[in-house]
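Observations on chain architecture
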Amino acid sequence: MKTLLEVAPTPEQLALFSRIKPGVELIRGAAGSGKTTTALLKLKAAVGFYVNRMNRSATRRQIKVLVLTFNRTLRGYIAELAGSQFTGGNAISLEVHTFSAWAKNLLNVNAIIDQGTVKAHLENFAVRSGMNPAFSAEEASYVMGRFLPDDYADYINCRRVGRGAVPRMERAAREAILNNVVIPYCEYKANAGLVDWNDLAVGLAIAQYEQYDVVVIDEAQDFSANEIRAVTGQLRDDHTISIVLDAAQRIYPRSGFTWSEVGLHVRAENSFKLLVNYRNTKQIAAFAHGILDGIDPGDDGALPDLNSATRNGDKPVIVRGGFRGQASWSINYIRNRVDLSKESVAFLHPAGGGWFDELRVMLQSAGLEYAEISRRAEWPEGDENIALSTMHSAKGLEFDYVFIIGVSNQNMPLDDADVDEDAHQRARRLLAMAVGRARTRLVIGYKPSEASAISNFFKPNLCEVVDV
């Protein structure tokens, strides 16, 4: 499958590479602004700086370089692109990992509780105390991801960064989360000798196992505070770390913290914003912007400048009808309008898995080859240019054409913002992020009788409707 990303600097990005200096640099980028491109260009410039300095030194050692991203699919994509940027031989040691794989390898831990099991345990402790299981499990994960174990009590009085103002978490509610869910879960793990993924982050945050010269963290808006602490704990004293993010695209509940609390000093001179949308057409950018209407991106977010998109295109299409009708319309469009020898297509879904079963059969019947890329550690090398992916796994990727069909209240419910503001905004950010993967054309499909309330954010003047 082709990689669309071209690692060539834009004028906006070139301004970031005038000089390389040790320390932290924060790059906030709006959707479509080329955050991943910027990360790779920054990486190449920083590595060149350290290699040249090492060549002038009497000491000879490898320059240790680490690129971290959130999910395995994006890791495979970046690994292919990053590897093509360097021909330094033994002068450079380049690692490209997801945080989880990196932490697991560094600590040499094999048996780890999976996230689904962690969630089940947290919900069970909440139920025992008569608390809302789903919300309590999310809030407990937020606490454990934001604070080191010795600092859990700080949650009682802290500002609830990144979690929204609804529901209100008064002191009594916070104490209940801490005493009835977080602490019992930690005691359960200790007594059973179990380790979860957050334990790996904590382990790396409090002890140094490696010394990296150059680090890039991509899609950092979905890293927890402890994961950032883990990375900064593995840096050489004289290091360069570039953190690339957009809080407007934050799609996981456990993130939310201040840079100062993880030991990073972000000031105007080491913080930059990329606002120009180079990926989307004006019509796709406007549609995505409409889904986010009213959501404050915060200091670490950046909504794209709608006037900056340089390409015009067709309005996004909303295909309404049964799933088979949505899929047939999409397949006919691909056959008639898409050149699969040069252009890429993605079918994205909020859940994936079995939700793709009927689509798989229909693509095969149509003679259209596809690759499933969700959670793949390596980017597909075949000639197929149709991808099937969950929305989460498509984070950071881009395709010429994106089809998001089969959206329903079952697989993409939209919570009432007055009940759970954070969950409501996460769902809208997830869809807007998926929409923003499209360069040329976007299609969204749903059955009206099963529609998710998220369809209320499809601005009628920004799309065209086709009934099938």
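These notes cover the structure that comes with them. (Residues numbered from 1 in each chain as written. Predicted model: local features only at pLDDT ≥ 70, side-chain atom pairs only at ≥ 80, totals over all residues. Heavy atoms only, no water.)

1. Digging into the side chain of Gln283
Note the cut-off: A run of H or I in DSSP counts as a helix once it spans at least four residues, and a run of E counts as a strand once it spans at least two, with each numbered from the N terminus. Using a 1.4 Å probe on the protein chains alone, a residue whose accessible area is under 20% of its type maximum counts as buried, one over 50% counts as exposed, and one in between counts as partly exposed. Within 3.5 Å is the distance limit for a polar contact, defined as a pair of N or O atoms, with the added protein rule that one can donate a hydrogen and the other accept it, and that residues adjacent in sequence qualify only through two side-chain atoms. Whether two residues are in contact is decided by their heavy atoms: any pair within 4.5 Å suffices.
Structurally, the position occupied by Gln283 is in helix H10 (residues 282-291). Given a relative accessible area of 17%, Gln283 falls into the buried group. A polar contact is formed between the side chain of Gln283 and the side chain of Asn312, at a distance of 2.9 Å. Excluding anything up to four places from it in sequence, Gln283 contacts Arg311, Asn312, Gly313, Asp314, Lys315 and Pro316.

2. Notes on the nonpolar core
This is how the line gets drawn: We call a set of buried residues a nonpolar core when its members are Ala, Val, Leu, Ile, Met, Phe, Trp, Tyr or Cys and they connect through side-chain atoms within 4.5 Å of each other.
Of all hydrophobic cores here, the largest spans 63 residues; its most connected members are Phe287, Ile404, Leu431, Val435 and Leu442. Among residues more than four places away in sequence, those in contact with Leu442 are Ile284, Phe287, Pro316, Val317, Val402, Ile404 and Val435. If you look at the next biggest cluster of nonpolar residues, it comprises 31 residues, including Leu68, Leu107, Leu204 and Val215.

3. Quick look at empty space enclosed by the protein
Short version of the rule: Here a cavity denotes grid points, spaced 1 Å and computed from the protein atoms alone, that fit a 1.4 Å probe unable to get out, and a pocket denotes an open set having protein on both sides within 12 Å along at least 5 of 7 lines; residues with an atom within 4 Å of a point are the lining. Grid points are joined across faces, edges and corners, and a volume is the space filled by probe spheres set on the points. The classification used treats Ala, Val, Leu, Ile, Met, Phe, Trp, Tyr, Cys and Pro as nonpolar, Asp, Glu, Lys and Arg as charged, and all other residues, Gly among them, as polar.
Scanning all chains against the criterion turns up 4 cavities of 30 Å³ or more. Quantified by volume, the second largest cavity comes out at close to 80 Å³. Around the second largest cavity, the lining is made up of 13 residues, and of these Lys35, Thr36, Arg279, Gly396 and Glu398 lie nearest the centre. With 3 residues, the single largest contributor to the lining of the second largest cavity is helix H2 (residues 35-55). In the lining of the second largest cavity, the residues fall into 3 nonpolar, 5 polar and 5 charged.

4. Here we look at the pairing of strand S7 (residues 317-320)
The condition is simple: Strand pairing requires that DSSP identify at least two bridges connecting the strands.
Here S7 pairs with strand S12 (residues 438-446) via 4 bridges, running parallel. Paired with Val317 across the strands is Val443, a residue of S12. Across 4 bridges, the pairing between S7 and strand S13 (residues 464-467) is parallel. Each residue of the ladder has a partner; that of Arg320, found in S13, is Asp467.

5. Here's the deal with the pattern of salt bridges
Rules: The rule for a salt bridge is simple: a side-chain nitrogen of Lys or Arg has to be within 4 Å of a carboxyl oxygen of Asp or Glu.
Tallied over the entire structure, the rule returns 32 salt bridges. Here Asp199 and Lys189 are joined by a salt bridge, their closest N and O atoms 3.0 Å apart. Of this pair, Asp199 sits in helix H8 (residues 197-206) while Lys189 is found in helix H7 (residues 171-192), placing the two residues 10 residues apart along the sequence. Residue classification places Lys189 among the buried residues on the basis of a relative accessible area of 6%. In this structure, a network of salt bridges that share partners links the residues Glu138, Asp422, Arg426 and Arg429.

6. Regarding the side chain of Thr98
Mapped onto the secondary structure, Thr98 falls in strand S3 (residues 92-98). Judged by its relative accessible area of 6%, Thr98 falls in the buried class. In this structure the side chain of Thr98 is engaged in a polar contact, spanning 3.1 Å, whose partner is the backbone nitrogen of Ala101. Among residues more than four places away in sequence, those in contact with Thr98 are Leu68, Thr69, Phe70, Asn71, Arg72 and Arg75.

7. Thoughts on the sheet that holds strand S6 (residues 271-274)
Applicable threshold: Where helices are involved, their axes are fitted lines through C-alpha atoms of the stretch in contact, as for all axes, and angles between N-to-C directions lie from 0 to 180°.
An order of S3-S2-S4-S5-S1-S6 is seen for the 6 strands of this open sheet, with the pairing classed as parallel. A strand with exactly one partner marks an edge of an open sheet, and here the two such strands are S3 and S6. With direction set aside, neighbouring strand axes in the sheet form an average angle of 15°. In this sheet, strand S4 (residues 212-217) lies alongside strand S2 (residues 63-69) in parallel orientation, the contact comprising 4 bridges. Considered in S4, the bridge of Leu66 is made with Val215. The sheet strands contacting helix H4 (residues 99-107) are S2, S3 and S4, and the helix crosses S3 at an angle near 115°. Contacts from helix H9 (residues 225-232) reach S2, S4 and strand S5 (235-245), with the element oriented near 145° to S5.

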